[in-house]
Structures are given as structure tokens and as C-alpha cells.
Amino acid sequence: MAKTRTVRSTLTSRSQFVTDLFPSEGVFGWILRSPVPKGTLQKIDPPSFPEGSGILLPRDVPGDLNLMVFQDKFPLMTGEVIEFLGQPLGLVYAPTEVEARSFAEATVLSIDPPNDASLRPIELGPNTLFAFDELMWDTPDGSEALEADDPNPGDPDEEALEREVTSTFFLDTQSLQVQEAVMAIARWKEKDLEVLVPAIWPHGISANVARLLKMKTGAVQVHATIPGMYHDRLLVDSLVISCFAALLAHKTKNTASVSFGHDEQILYGTQQAPISCTHSLTLVPSLGLRSMDIRIQIDQGAFPLFTREIMNQALGSANPGYRCPKGKVRVEIHRTSGVPRSVSHGFLSGQIQSITEIQVNRVAHILNEDPLALRLGLIDTSRKPGGEKVLPLLSTLGGISDYGRKFSSFEVLRRRGTDSPRQPSVRRFMPLRGIGAALGFQGNGFSKSTEQSIKSKISLRMNQDGSVQLFAGTTPGSSAVKSHLRDLVRDTLEVKDEMIFLFPSETAQMPDAGPTSVSRSISIIRGLTLQACESIQKLRFRNPLPIVVEKSFSPSRSFTLTSPGGYPWIKPSWASAAVEVQVDPVTYRASVTGIWVVVQAGSILNFAQARAHVEGTVIQAVNWVLRGLHRTPKIEIHFIDDHGVALVERKSSTHDLQPLGLGELAQAVVPPALASALSQATGQFFDQIPITPEVIHRYMEVPGP
Amino acid sequence: MKTDFLLNGTHRFTDKHPSTTLLDLIREEFNLHSVHPGCRKGHCGTCTVLLDDHLVASCLVPIFHLKGRKVETVEYLMESAEFRDIELGFLKAGFHPCKFCAGIKVLTAETILREWEHPKEADMALFVTKNWCACTSPGSFFSAVIASSEFRERRAHAHRR
Ligand code: FES
Ligand code: FES
């Protein structure tokens, strides 16, 4: 039996936060940052340092000053040209953090102003274009199929009916402002350097520290502590403070700690990229979509990171699965003077899908059709994988949310409101109501080409005494995943729970599993563990113990950018959502009155936790769209299988269908459903997110297109 | 200056500087790590403790305010029968907070249950803003507290019988 996770077990679990390990001795560093976004650093004039304090500058770095994130790099600090506000210039250290901070504040910087060109406000455009990629298709068979459906082939009137719907969207950064400090502690263990830090990719940090200090990778051990509330920034921010702490420990031969304070997080923490997108669809009412032309511009800050992955995600998400014979998606990454941006496995994909979904709802509005019914006609059910699975998501959603009926009644209300020039006075103060729906997927893990370069590994060892040791990197603190892996080992190898040992995320023991998230652990690490168990099961009665099996993940086929068929991910999971809203016509404040989500993500390991997981992202998505923490009503979540059959709540067995990630699904479906619901309520088309009361007011006062 | 107060049922003294915050005191001197530093400005709620039965942000309370007062953290509550009601209630409702905020969620639930025997959603609404958690919905917290209140009632009746 799987162990039950209670709040007591959560509170008393062995996992630690880095703040619980706060060292009482050693040195503390504070990052000296640029107070201007652009310029040339001339001189750094620190105050006179007492014994035990000082400053580290680029020249103190023995190895490579550049940190690598996948294929892209950025300097840990700059000695000359300043590229963004808050760029690290050095590290001031002292015996306490307070002293280090006050020395940093007392340091005088002489910075030459930038030349006129770089002072011009930055707009995404040819000057800032860093890289781009395109995906184009023109499917002859697609159009043949369409012509076959065409009741009047070649009818010239159809051409006349062709409509073009073009919108320009702006999505602002999605990250919540984090109020939680992160800290890295570097300490010596004889000749090895140990770094303690909240991290989701400890091996990435250890490789970078080793290059920075010219040490062997094996001599830098990273011990990932559990993250607090938010994980997305840990890929870049944890890397930066770990490198600073390691450099300080290297220079002072002492235990060194560097933190990224909560106030610094707001100004300089990595966030998700802002996106702007021009989206154009042409359609013929009776035939469906004829072509799409999507141009996505992503602001990746001063040092674009994760660029290949970002392009794959954006190209693969622009058309979540609509039948369209002709199309073009162009993704541009721009270099601006912003803080380098982060990438999270699923958020970017969700943001891009949101745009297309809002656009499809707009098309429904223009054609005067029910958006759910319209989608049923537009979905490409032949698309692999997953095309045919999508229809049950829409019909289930329609059923549980009573979508059709609500949509038509709100539509009637809205029309009455806008048709009559003089509204009856009572109605003017009645809340405006609307409902919206959307469909979307989550890729699970990174795109295939990134996964190929990461090659996640796990290893499983069966010892002579029958005990089993599993070395599989998962997100620190994700007890649900760990307990599932334990169940998997127990059930396949038939060993007792006490004989199974899982190891914490430490580079010294664990093979590299790549940046972890719950969805990656569930869809990739779980698969590798199962394969390893099966191999051991085959070998254990033939070979002498101990047996060690290693498995690594390498997706067979990488994503080719020539066709829209297929997704660049290993196995997508799907969801649909409906959101009902109410807007106060006096304060323009929007409140969400109902949320329904239908999830199709293989088998569900633990219903309560899956529900909590989806709920969490629903809330984050609502908070992103409406900005700020909002109260959300009860969220109705339904889990269905590929054929639309509701999954029953029971303990899942390890032999069930493959489970898939579901934590990022709501990011793809809730924002467009919410934006469209607001559009129905107010009669205005919203082409930007967040949609604050000020935005609603502005759009209602000055009606747009 | 010596300050004395009741921490988790035990009489304690401290001679730290009076402006030291309660948060630093209980983490550093008494090693109670269920209370986490977050914003240190009273916004995020990750440092919440019970001070004379009220939820307070310990990052805002300097220790000269503590004289003769009662401070409780979840470590103390965990030893009581009341905690069991909350544990079962959370489990029944499928409410699983993370380790970062689990302590606060339990303390909040306990405060609500001390105030109302049968809490209504409207009663609890003000309490959810005490912690800046964007990963669980207020709805599921409410059901967890309601489930806890049922367990507590059952236990009370069992005693009466
Ligand atoms: S640390 Fe006290 S409220 Fe945030
Ligand atoms: S902060 Fe712990 S569940 Fe949200």
C-alpha cells in the first residue's frame, strides 16, 4: 500500500529548505548591481574594507565567466559594458550579510552614459531581432479533403464569403512577483565543494560552477534543497547565486553564502518573457479555416536563453490542433535591455496556445456561432497524436458547465445591452456576465530535440540483501512523485517497502535527470524507472547480485520544422475549460463565478493531489489574467480517459495506462476562456493580458475593433 | 533586557536585543523551522504564528512586545488531539498544502475552529488572505476546515458519551 500523505508527514518530512541550513559562520556575499540599464563601467570605488571583507570582480574568476544554459550563455558579471538594469558587477563580502549589503551600498560606481542609439526606447523590431524560425505548410491533401466536403465545389461565391480575422495581442510576463528570498551556501568538504541551493537542475549548476572555477565536475557537488512557493525562476536565479557562493568559497577558502533578497527578486528576478503576436486567420464559414499567419515576438531580455527550446515550444503550440490547409508561423526572439528571462516547461506553450484560442473564440463571435460547436467542426481529428481524443473533451465540458445554454443567454443579455442606445437604468447597474471556453494541451517535458540533448538518466541497483536503491532525480519536495516511484519498484520487483531506498537530489549520487518538474518526472523519469525495474526483474534470477541497471532517455525522432502535423513533445496531455465571469459595471472589477476543467492525462495516480495540482495552476492563471490575488470559486475538475469515459476515483495500479503531467494544462486553457468570457460580458474584444479593471474601463469607454 | 514569555507551553527567557523579531527568535534561538521567513514585511504570511490565540506575522513583532504573552507554532499543535482533527479533515478533503505553508494552513484552520464550531465560508473568507499561496484554492481550504470541524465535533461527542 502506498503511504498516505498527511499534513503531519509533510511537516515532518526530511526535506529541508535552504533557510533551515543558514550557516552561523563563514562569509556572506551581496551582489553589487548596475543601477542603470545601459552604460560602460569605468571604475568601482568600494569603501575601505576591514579584515575579512572585500570585493570579487570578473578578474577573480579563474575559469570561464560565462554561464551556459542549454546552448546559450550569459556572463556571471560584467567588467565593462552594462546590458541590463541590475546586471551583476561584482560580489561584496563580509562576515555578516548586513555588513556585506552596507558595503555594497557604499560602493561608488563611475559609469559612462551609453551613446544615443542605445538610449532610444527599445521596441521589438529589426534592431533587436536575435533569432527567428519559421514553420510553413501548404497541404495539398488538406485542401482536397476540404474540396470533397465542399457542397458547391469551385463556387465563386465561397471566395466572396472568405473572412479574414486579424488581431494583435500583447501578453505581459506571467510570473507572479516573488516575495521569497533564495540563498546558496557553498562549503568545503575536504577537496570537494558542496553547494546547497533550491534547484531543479542540480547537474546544470555543478557543471557551470566547475567551469567557472576550473574544477573537475565531480569535485563540485550540488545538493538541491526544496523550493518554497515558486519554482520557475530556479533555473536561472539559483544558478547565479550558486556560482557567486562557489566563487566566494573558492576565494576565501571558507563557507560562503549568497542570497537573492526578496526585494531584489522583484526588480531583478528572472520572469517569463512578455510576448506580442500578430495573428491572422482566414476562413470561409461553411468550409472552416483556410489559412493562418501567426507572427510571435518574444522579448528575451539582454541575454536570450533557452532559445532553441523557446522556438520549438512556440512553433509547436501556435496551432493547437485545428484543420487548416495552409499556414505560416514565425517565431522571433528579441534581445532587449530586460533581465534575462526564464523558461518554464509548459508556460510558454500555454501562452501561445491562449492566443490562438482567444482568436478562435473571436471567430465564433464574428460568425455568430457557439464557440464549442465551432471547435467541434474545426478540430483536425486525424492529427497525431491526440486528434481524435479531443472531441470528448469538448462534449464533456459542454455537459458539465451547461455551456451552450449559458452562452446563448449571456449573448442575448449582451446584445440587449449594446443594441439599445438607452439602457433601462436598473440594468445599467446589473453585473455584466459572460462565459468562455478553450481547449489546450501540455507537452510534458521539453521538446524532443532538447530532451535529446539532455538525455535524462536514472539508475537502479538491486543488492545482495534484496534491497533496491533507486537513483532518479525528481523535483525536490515532490513527495507524490517519489511515493509513486516507490510503488512502481515495489509492485514490479515485489520487494518490501522498507527495502526500497530513494535518494535525494544530489549530484554526487544521482545521474543527471535534466531540469525536473512534476510533469517531466511523471512522463519521463517514471518511464525510465519502469524499464529499469523490468530489466532487473529479467536478470535477477540469472545473474549474481548486485545488479545495476542504467536507463537513459532519448526520444527517437526529433521534431522537424517542416510540417504542423505532430507535436515537438513526447506525449501531450489535453484539457478543456469553461470560465464564467461577472463584471461590475460601476467599478469594472471582474470576478470569476465558475470554473470547469476537463482533463485527459492518462491514468491519475492520486486524485486528490491531481486535483490540487490542477487547481493550483487554475488559480495562477486567473491571477495572471486579472492581475493580483483573486478569490476563486470552487473549481470543478473532471478527469476523463481517451474515449471520454470519466475516470473513477480509486487507487491507481502501477499497471494502468501511462500517467501524464497535468500541472500546466490550466495555463493553456484558463486564460483564453477567461479573456473570452470577459469579452462576452463587456462586448469588447480583449487583445491583451492582464485584463485589469483599468483595462476593462478603457476598452468599454473607447470601444476597439 | 530579559524578556519572558510562553513558547509552545514552556516558559522561556531571552536576552536578545529587544528589536529582534519574533521570527528570528523562534527560528534561530529555538530552532522552530515550521515558521519561514518570506517577505519580512508582513505581507506573505509564511511567518505566521499564534500570539495569544491570534494569527500574527512574526516578522513584524519585536520581542519587547512578548513579555508575558503566549506564542504557539504548529510544532506544539502537532502534539495535541486538536491537530488530529485537522489532519483528518485535510486528508478527507484531499487538501495537501506544501511544506512551506502547511504550518500556516494548520494554524489558520485551528484559529477558525477555535472561533466557530461550524464555520461557514463567509466566516473563513477573511482568513485565506493571511497566506500568499497561489497553489491551492480557497474553496478546497474551506472544505478542509469544514471536514476538520466535523471530526472535531465527533470527537467532542465521543467524550461526552
Ligand atoms: S515574512 Fe512575515 S509576512 Fe512575510
Ligand atoms: S504555498 Fe504551499 S501550497 Fe501554496
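Only a predicted model underlies this, so the values are computations on that prediction, with no experimental measurement involved. (Residues numbered from 1 in each chain as written. Chains lettered and ligands numbered in written order. Predicted model: local features only at pLDDT ≥ 70, side-chain atom pairs only at ≥ 80, totals over all residues.)

Asker: How should I be thinking about the overall build of chain A in this particular structure?
Answerer: Looking only at helices and strands, chain A features 20 helices and 26 strands. Scored against the burial criterion, the 705 residues of chain A give a buried share of 51%. At a minimum sequence separation of 6, the contacts of chain A that also span at least 24 residues come to 82%. (Helix = DSSP H or I, 4+ residues; strand = E, 2+ residues; numbered from the N terminus. Buried ≥ 20, exposed ≤ 12 C-beta atoms within 10 Å, placed from the backbone. Contact = placed C-beta atoms within 7 Å.)

Asker: Could you clarify how one ought to interpret the overall build of chain B in this entry?
Answerer: Along chain B, the regular secondary structure elements total six helices and five strands. Seen in sequence order, chain B has helices and strands lined up from the N terminus as β-β-α-β-β-β-α-α-α-α-α. In summary, chain B has a C-alpha radius of gyration of 16 Å against a globular reference of 15 Å for 161 residues, a match within 12%. Every one of the 161 residues in chain B was classed for burial, and the buried ones make up 47%. (Rg over C-alpha atoms; globule rule 2.2 N^0.38 Å.)

Asker: In this structure, what is going on with the interface of chain B and chain A? I would like to understand it.
Answerer: A common measure of how large an interface is: the accessible area buried when the components associate. The partner chain A presents 35 residues to the 32 residues of chain B that form the contact. Elements with a minimum of two residues in the side of chain B that touches chain A: helix 3 (81-93), helix 4 (102-115) and helix 6 (138-160) of chain B. Residue classes in the side of chain B that touches chain A are distributed as 17 nonpolar, 12 polar and three charged. (Nonpolar A, V, L, I, M, F, W, Y, C, P; charged D, E, K, R; others polar.)

Asker: For this particular structure, what's the right way to read the sheet that holds strand 4 (residues 54-57) of chain B?
Answerer: Strand pairing within a sheet occurs via backbone hydrogen bonds; the two strands may be parallel or antiparallel. Residue and element names in this part refer to chain B. If you trace the five strands from one edge of the open sheet to the other, you get 2-1-5-3-4, paired in mixed fashion. The open sheet has two edge strands with one neighbour each: strand 2 (10-14) and strand 4. Neighbour-to-neighbour, the strand axes of this sheet turn through a mean angle of 40°, independent of strand direction. Where strand 3 (residues 48-51) lies against strand 4, four bridges are found, and the strand directions are antiparallel. Within the sheet, the bridge partner assigned to Leu-51 lies in strand 4 and is His-54. Across the sheet, helix 4 lies against strand 3 and strand 4, angled at about 35° from strand 3, the strand it touches most. (Pairing = 2+ DSSP bridges. Axes fitted to C-alpha atoms, helices over the stretch in contact; angles between N-to-C directions.)

Asker: Any chance you could explain the domain arrangement of chain A here in plain terms?
Answerer: Residue and element names in this part refer to chain A. Split into domains, chain A comes out as domain 1 (24-116 + 177-268), domain 2 (129-174 + 274-363), domain 3 (370-445 + 567-701) and domain 4 (456-552). Each partner contributes residues to the interface: domain 1 has 15 residues there, and domain 2 has 16 residues. Looking at the side of domain 1 that touches domain 2 residue by residue, the classes come out as eight nonpolar, two polar and five charged. (Domains from an automatic or database assignment.)

Asker: Sorry, what's going on with the nonpolar core here?
Answerer: As a rule of thumb, nonpolar side chains are buried together in soluble globular proteins. Ranked by internal contacts, the top residues of the largest apolar core, which has 180 residues, are Val195(A), Ala245(A), Leu248(A), Ala577(A) and Val597(A). Per-element tally for this core: the top contributor is helix 19 (residues 665-682) of chain A, with 11 residues. Those residues within four positions of Val597(A) in sequence are excluded, and the remaining contacts are Ala575(A), Ala577(A), Val614(A), Val618(A), Ile635(A), Ile637(A), Ala666(A) and Val669(A). Leu32(B), Cys59(B), Leu113(B) and Cys133(B) belong to the second-largest nonpolar core, a separate cluster that totals 46 residues. (Core = buried A, V, L, I, M, F, W, Y, C linked by C-beta atoms within 7 Å.)

Asker: What is the right way to read the sheet that holds strand 6 (residues 81-82) of chain A from this model?
Answerer: All names here are of chain A. Pairing within the open sheet is antiparallel, and its three strands lie in the order 6-2-8. Looking at strand neighbours, the two that pair on one side only are strand 6 and strand 8 (108-112), the edges of this open sheet. Across two bridges, strand 2 (residues 39-45) lies against strand 6 in antiparallel orientation. Across the sheet, the residue bridging to Gly-39 is Ile-82, located in strand 6.

Asker: Help me understand the domain arrangement of chain B, please; the structure alone is not making it clear to me.
Answerer: Residue and element names in this part refer to chain B. The assigned domain composition of chain B is domain 1 (3-76) and domain 2 (80-160). On the domain 2 side, the residues contacting the 13 residues of domain 1 number 12 residues. In terms of residue class, the side of domain 1 that touches domain 2 is built from five nonpolar, seven polar and one charged.

Asker: When you look at helix 10 (residues 347-367) of chain A in this model, what are you seeing that I'm missing?
Answerer: In an α-helix, one turn spans 3.6 residues; hence positions three or four apart end up facing the same way. All names here are of chain A. Helix length check: helix 10, at 21 residues, gives a terminal C-alpha distance of 30 Å against a target of 30 Å (1.5 Å per residue), a fit within 8%. In terms of residue burial, helix 10 counts as a mostly covered element, since 17 of its 21 residues are buried. Positioned one or two residues after helix 10, Asn-368 has a phi angle of 60°, which is positive. (Expected span 1.5 Å × (residues − 1).)

Asker: How should I be thinking about the packing of helix 10 of chain A against helix 11 (residues 371-378) of chain A in this particular structure?
Answerer: The axes of two packed helices give the description: the angle between them and the distance between them. All names here are of chain A. The contact between helix 10 and helix 11 brings their axes to 9 Å, and the two run at 110°. In terms of axis orientation, helix 10 runs roughly perpendicular to helix 11. Contact residues: Val-360, Asn-361, Ala-364 and Leu-367 in helix 10; Pro-371, Leu-374 and Arg-375 in helix 11. Looking at the contact of helix 10 with helix 11, its residues break down into five nonpolar, one polar and one charged. (Parallel < 35°, antiparallel > 145°, perpendicular 65-115°, else oblique.)

Asker: Help me understand the environment of Lys406(A) in this model?
Answerer: Residues and elements named next belong to chain A. When you line up the elements, Lys-406 lands in helix 13 (residues 403-419). Here the alpha-carbon distance between Lys-406 and Gly-436, two residues 30 residues apart in the chain, equals 9.8 Å. Not counting residues up to four positions away in its chain, the partners in contact with Lys-406 are Ile-435 and Glu-580.

Asker: Help me understand helix 18 (residues 607-626) of chain A in this model?
Answerer: All names here are of chain A. With 20 residues, helix 18 extends 28 Å between its outermost C-alpha atoms, agreeing within 8% with the 28 Å of an ideal straight helix rising 1.5 Å per residue. Taken across its 20 residues, helix 18 has 16 buried, putting it largely inside the fold. Where helix 18 ends, the next residue or the one after it, Arg-627, has phi of about 60°, a positive value.

Asker: How should unusual backbone geometry be read in this particular structure?
Answerer: Residues and elements named next belong to chain A. Cis geometry is found at the peptide bond from Leu-545 to Pro-546, where omega equals 0°. Cis geometry marks the peptide bond from Ile-689 to Pro-690, where omega comes out at 5°. Along the chain, Pro-690 turns up in the loop between strand 26 (688-689) and helix 20 (693-701). The phi angle at Phe-306 is positive, at roughly 55°, despite the residue not being glycine. Among the secondary structure elements, Phe-306 is positioned in the loop between strand 16 (288-299) and helix 9 (307-317).

Asker: Honestly, the environment of Ala666(A) in this entry has me stumped. Any pointers?
Answerer: Residues and elements named next belong to chain A. Mapped onto the fold, Ala-666 is located in helix 19. When the C-alpha atoms of Ala-666 and Phe-28 are compared, they prove to be 40 Å apart, with 638 residues separating the residues in sequence. Apart from residues lying up to four places away in sequence, Ala-666 is in contact with Ala-577, Val-597, Val-614, Thr-617, Val-618 and Ala-621.

Asker: Hey, could you run me through the pairing of strand 2 of chain B in this one?
Answerer: Regular strands have side chains that alternate between both faces of the sheet. Residues and elements named next belong to chain B. The buried fraction of strand 2 amounts to zero of the five residues, a small share that puts the element mostly on the outside. Both strand 1 (residues 3-7) and strand 2 contribute to a ladder of five bridges, which runs antiparallel. Each residue of the ladder has a partner; that of Phe-5, found in strand 2, is Arg-12. Count of turn residues in the strand 1/strand 2 antiparallel hairpin: two residues, of which Asn-8 carries a positive phi of about 45°.

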